[in-house]
Each structure stands twice: as structure tokens, then as C-alpha cells.
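One-letter residues, chain by chain:
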Amino acid sequence: MKLEGFGIFVKDMPTMVRFYRDVLGFGIKEDENTTNVFLEKDGTLFLLYGRNDIEKMTNSKFNYANKISGHFEIALGVESYAAVDKTFAEVTAKGAAPVMPPTTEPWGQRTCYIADPEGNLVEIGSFVKE
């Protein structure tokens, strides 16, 4: 088996589409009022599923975390340490919730965390000092 992609289950599709498209720059072509969004980001399939739709399809009821979940992260890489700082400033200015400001970790990565509107963690990082 190989990893082809991943998805997150969303409560408010229009808000999440706008966030991933307008704040993080994902190439989403679907309308904001669609029920499921399938897109590819840098060769990885990324899906936004409406919570009601996945429950109906699977005939199951699921539990969802509220606020910042901490259950997983979406990791995005940028070209350098400076780009981590710049990207963090840009996306928080556009409305991303700051979780951890840019920090250089002992293992050599400069990284930061933001949260999307439904509390999913998004990491932005780089191992390239410049």
C-alpha cells in the first residue's frame, strides 16, 4: 500500500474552503457550497469531507474534537527559515489562529503552528537556514 492522500471532516465547508484556498493558497476549484472537496497539493491528495456526508455514506455517527484538536497536523514545507517567519506573519494576518510562533528547534527545523477555523493544526516549517 502507498499513501495517496488524506482528508479531514469539516463542519462548515464554505469557511474551510475559503481558509485553505485564500489563506494557505491551496488550489481549490470547487464551489464553497460543495459537499466534498478533492484537490491535489504538491502531489498529495487532500480532501475536505462534509461531516454529515461521511456519516451518511458510512451509516455511522462519529465524535469530533472542538476547538484546537491536537489529534493530527497538516505539515507544509517552505524554502527557508526566513520563509517560515514570513509565511506565519502572512497567514496570521489573513486570519489563521496562531498556536506557536516561529521557533528553531534543537533538531534544526524552524517551525510554527497555526490552526484552521475548525481547530486542525497546520505546521509550517523548513530545515534550510538559507
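Quick caveat, the model's predicted, so the values are computed rather than measured.

Sorry, what's going on with the sheet that holds strand S7 (residues 121-126) here?
Hydrogen bonding along the main chain pairs the strands of a sheet, whether they run parallel or antiparallel. Reading across from one edge, S4-S7-S6-S5 is the order of the 4 strands in this open sheet, with mixed pairing throughout. What marks the edges here is a single partner per strand, and that holds for strand S4 (73-77) and strand S5 (97-104). Pairwise comparison of adjacent strand axes, ignoring direction, gives a mean angle of 15 degrees for this sheet. Pairing between S4 and S7: 5 bridges, direction parallel. In the strand pairing of S7, Ala75 is matched with Glu123. Strands in contact with helix H3 (residues 81-93) are S5, strand S6 (110-115) and S7; relative to S6, the strand with the most contacts, it is inclined by about 15 degrees.

What exactly am I supposed to notice about the environment of Asp22 here?
When you line up the elements, Asp22 lands in helix H1 (residues 13-23). Judged by its relative accessible area of 39%, Asp22 is partly exposed. When the C-alpha positions of Asp22 and Lys94 are compared, they lie 8.3 Å apart, and in sequence the two are 72 residues distant. The residues contacting Asp22, other than those within four sequence positions of it, are Val17 and Lys94. At 2.6 Å, the side chain of Asp22 and the side chain of Arg21 are in polar contact.

Looking at this model, I keep getting lost on the pattern of salt bridges. Mind explaining?
Two side chains that carry opposite charge are able to pair once their charged atoms sit near each other. Under the defined criterion, the tally for this structure stands at 7 salt bridges. Measuring nitrogen to oxygen at the nearest pair gives 2.6 Å for the salt bridge that ties Glu32 to Arg18. Placement of Glu32 in the loop between H1 and strand S2 (36-41) and of Arg18 in helix H1 is noted, with a sequence separation of 14 residues between them. One salt bridge in this structure joins Glu32 and Arg21, with 2.8 Å as the shortest N-O distance. Note that Glu32 is positioned in the loop between H1 and S2 and Arg21 in helix H1, a separation of 11 residues in sequence. Residue classification places Glu32 among the partly exposed positions, given a relative accessible area of 21%. Since its relative accessible area comes to 25%, Arg21 is described here as partly exposed. A cluster of three or more residues bridged by salt bridges with shared partners is formed by Arg18, Arg21, Asp22 and Glu32.

Analysis parameters
- Residues numbered from 1 in each chain as written.
- Predicted model: local features only at pLDDT ≥ 70, side-chain atom pairs only at ≥ 80, totals over all residues.
- Heavy atoms only, no water.
- Pairing = 2+ DSSP bridges.
- Helix = DSSP H or I, 4+ residues; strand = E, 2+ residues; numbered from the N terminus.
- Axes fitted to C-alpha atoms, helices over the stretch in contact; angles between N-to-C directions.
- Contact = heavy atoms within 4.5 Å.
- Buried < 20%, exposed > 50% of the residue type's maximum accessible area, 1.4 Å probe, protein only.
- Polar contact = N/O pair within 3.5 Å; in protein donor to acceptor, adjacent residues only side chain to side chain.
- Salt bridge = Lys/Arg side-chain N within 4 Å of Asp/Glu carboxyl O.

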